[in-house]
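# Observations on chain architecture
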Amino acid sequence: MSETSAPNAADAAAAQSVAPGLSAAQRNAVAELMRVSPVADELGRRFARAGFELHLVGGSVRDALLGRLGDDLDFCTDAHPDDTLRIVRGWAEATWETGREFGTIGAQREGLRLEITTFRAESYDQITRNPVVRYGTNLVDDLRRRDFTINAMAVSVPGHTFTDPYGGLADLAARVIRTPGTPRESFGDDPLRMLRAARFAAQLGFTVQPEVHAAMTAMATDLDRITAERVRDEFTKLLCGADPITGLRLLVDTGLADRFLPELTGLKLEIDEHAQHKDVYEHTLIVVSNAVRLEGPECDFVLRMAALMHDVGKPATKAVGSDGRVSFHHHEVVGAKLTKQRMKAMRFPKDVISQVVALVGLHLRFYGYGRGEWTDSAVRRYVADAGELLPRLHKLTRSDCTTRNRRKARQLASDYDALEERIARIQAEEDLARVRPDLDGNAIMELLGVPPGPLVGQAWRHLKELRLERGPMDRDEAEAELLRWAREQGIAG
């Protein structure tokens, strides 16, 4: 066990000498901790006066060392929840007890969210991930129960003693993911940690140690003990990581993806010597990488998920023609259905599902534009069908152009440039973002003399089709078309 006084400039220098691979951001952990120390140290003094320990712990220490400490701080203590509530009462601006069952009390002070958890030494039933909560008596045992060594470090407040019994600082410098105890023991206690290992690999760019990788592979089926919501949350963080490809490869290579996202593994289509086609799995990872590059400064989960799922319909639609060529007819339609089913099973919100599904269903629409077959009507329909998703559809379509044929790649890019320019031209002439019939429901009812009902909707859809086909019509034209349609339907004479 290494236990030294920290953090101060001397300790930062000592840490650098012990782990020369530490970055400048890691050496500046002191500055990160100093930003929060007025609140943390004040809280620590309150616990000390009450006769208890308090330590900044886990992800907070890791992130401080990485130079990315946020405003959510995690602490551990030998005080029980009732003691903690008594200590923070009158000092905290707000408190909450949603985690009390697991020994956690939340508090807010000066813009910082603090979660204070009693030392734990719980055991697990090996059936669910829910621990049998048993309070611990010391810091080192509490740190041992944590998922990875990089999350098993602590800094006492207000004393600033740095505790690292399992080599987390060295692992942080080496950029590796390792468990404090044996991986099998750790993952047996909480299988979600296997998914967290892949998530940290994606977020931090760290490498999973071979023994951790082996345990993830051997114990992948244990992930079935975890609720869909918890899996969804970890997967979302993984996909929004700085390097989601590393995380996704880990999920497939260890078999974890088979437990909750088998469509990803299913993209590894068998390629025979007589029916060559590009590797759909590798193509998909490239598309995700391209989407990350195009998305902007913040993670766009909808775009990334659409990029990941855009070709999941290919395995079910693969066909080899008499000429030996491989085709995947209507794979976007099948893929949209599979995407909806999978995301529903993972308990994603309905609005997120609908956006991803729409993008998957639309991602092939662009192909064929370069042959000069698109009319202005087709462009209007493209924009209308995409709706608010049009900027994402632009990025997804461009991300999907992964051909290694440079001439073809330049042509596809040029074709899409031309489509965007054409959209902009038509947009300048008519409000493409709000394509709707030139008469609203009230006007339709008034002209036809009909009450609200299905007939009004049919008339509205007919006018919208005309609007997409012809572009804007003036009021007289719209009324004349409505009356003509009504006569054909036997509604008006």
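Residues numbered from 1 in each chain as written. Predicted model: local features only at pLDDT ≥ 70, side-chain atom pairs only at ≥ 80, totals over all residues. Heavy atoms only, no water.

In terms of regular secondary structure, the protein chain is built from 25 helices and 14 strands. When the 493 residues of the protein chain are sorted by exposure, 50% land in the buried category. Within the protein chain, residue pairs in contact and separated by at least 24 positions form 65% of the contacts whose partners lie at least 6 positions apart. (Helix = DSSP H or I, 4+ residues; strand = E, 2+ residues; numbered from the N terminus. Buried < 20%, exposed > 50% of the residue type's maximum accessible area, 1.4 Å probe, protein only. Contact = heavy atoms within 4.5 Å.)

The tally for this structure, following the rule as stated, stands at one disulfide. Here Cys240 engages in a disulfide with Cys299; their sulfurs sit 2.0 Å apart. One quick way to see it: the torsion about the S-S bond of Cys240 and Cys299 is about -60°, and its sign makes the bridge left-handed. Of this pair, Cys240 sits in the loop between α11 (228–239) and α12 (244–254) while Cys299 sits in the loop between α15 (280–294) and α16 (301–309), placing them 59 residues apart in sequence. For Cys299, a relative accessible area of 30% gives the class partly exposed. (Disulfide = S-S within 2.5 Å.)

Another aspect to go through is the packing of aromatic side chains. Per the stated rule, a full pass over the model turns up three aromatic pairs. Look at Phe301 and Phe348: their rings are 5.4 Å apart centre to centre, the planes differ by 25°, and that puts the pair in the stacked class. Here Phe301 is found in helix α16, whereas its partner Phe348 is found in the loop between α18 (331–345) and α19 (350–362), with 47 residues between them in sequence. In this structure, Phe301 and Phe348 share a single accessibility class: buried. (Phe/Tyr/Trp six-rings, centres within 6.5 Å; stacked < 30°, edge-to-face > 60°.)

Looking now at the side chain of Asp171. Relative to the assigned elements, Asp171 resides in helix α7 (residues 168–174). Those residues in contact with Asp171, other than ones at most four positions away along the chain, are Thr149, Ile150, Tyr166, Val176 and Arg178.

This next bit is on the packing of helix α23 (residues 441–448) against helix α25 (residues 475–488). Remark: α23 packs on α25, axes separated minimally by 11 Å, with the N-to-C direction vectors making an angle of 55°. By the criterion of interaxial angle, the relationship of α23 to α25 is oblique. Seen along the crossing, α23 lies across α25 with a hand that is right-handed. Residues Ala443, Ile444, Leu447 and Leu448 of α23 form the contact with α25, whose participating residues are Arg475, Glu479, Leu482, Leu483, Trp485 and Ala486. For the contact of α23 with α25, the per-class residue count stands at eight nonpolar, no polar and two charged. (Axes fitted to C-alpha atoms, helices over the stretch in contact; angles between N-to-C directions. Parallel < 35°, antiparallel > 145°, perpendicular 65-115°, else oblique. Left-handed = near helix turned anticlockwise from the far one by under 90°. Nonpolar A, V, L, I, M, F, W, Y, C, P; charged D, E, K, R; others polar.)

With that out of the way, let us pick up the confidence of the model for the protein chain. Chain-level pLDDT for the protein chain is 83 on average; 84% of the residues reach the 70-or-more range. Predicted confidence for residues 1–23 stays below pLDDT 50, and this span has 38 contacts to residues more than four positions away or in other chains. For residues 272–276, every residue scores under 50 in pLDDT, and the model assigns this stretch six contacts once sequence neighbours within four places are set aside. (pLDDT = per-residue confidence, 0-100.)

A few words now on unusual backbone geometry. Here the amide bond leading from Val157 into Pro158 is cis, since omega sits at 5°, within 30 degrees of zero. Within the secondary structure, Pro158 sits in the loop between β9 (154–156) and β10 (161–164). We note that His160 has phi near 60°; this positive angle belongs to a residue other than glycine. Residue class for His160 comes out buried when judged on its relative accessible area of 19%.

Attention shifts here to the pairing of strand β5 (residues 104–109). Of all six residues in β5, five are buried, a share of seventy percent or more. Pairing of strand β4 (residues 94–96) with β5, which is carried by three bridges, proceeds in the antiparallel orientation. Note on β5: the bridge partner recorded for Ala94 is Gln108. Here six bridges tie β5 to strand β6 (residues 112–118), and the two strands are oriented antiparallel to one another. (Pairing = 2+ DSSP bridges.)

For the rest of this paragraph, the subject is a positive patch on the surface. Taken together, the side chains of Arg325, Arg406, Arg407, Lys408 and Arg410 make up a positively charged region of the molecular surface. A relative accessible area of 63% places Arg325 in the exposed class. (Patch = residues over 30% accessible without salt bridge, like charges linked within 9 Å, V, L, I, M, F, W, Y side chains within 5 Å. Areas by Shrake-Rupley, 256 points an atom, 1.4 Å probe, with all protein chains shown as cover. Salt bridge = Lys/Arg side-chain N within 4 Å of Asp/Glu carboxyl O. Lys, Arg positive; Asp, Glu negative; His and termini not counted. Charge placed at Lys NZ, Arg CZ, Asp CG, Glu CD.)

Here we come to the packing of α15 against α16. As a packed pair, α15 and α16 sit with axes 8 Å apart at the nearest point and diverge in direction by 160°. Classified by the angle their axes make, α15 and α16 are roughly antiparallel. Of the two possible hands of crossing, α15 and α16 adopt the one that is right-handed. Contact residues: Thr284, Val287, Val288, Ala291 and Val292 in α15; Leu303, Arg304, Ala307 and Leu308 in α16. Here the contact of α15 with α16 is built from residues that sort into seven nonpolar, one polar and one charged.

All told, the structure shown has 28 salt bridges when counted by the stated rule. Its salt-bridge partner being Arg62, residue Asp63 comes within 3.1 Å of it at the nearest N-O pair. For Asp63, a relative accessible area of 13% corresponds to the buried category. A salt bridge links Asp300 to Arg392, with the shortest nitrogen-to-oxygen separation between them at 2.9 Å.

In terms of residue burial, β6 counts as a mostly covered element, since five of its seven residues are buried. With antiparallel pairing between neighbouring strands as the criterion, β5 and β6 make up a hairpin whose turn holds two residues, including Glu110 at a positive phi of roughly 50°.

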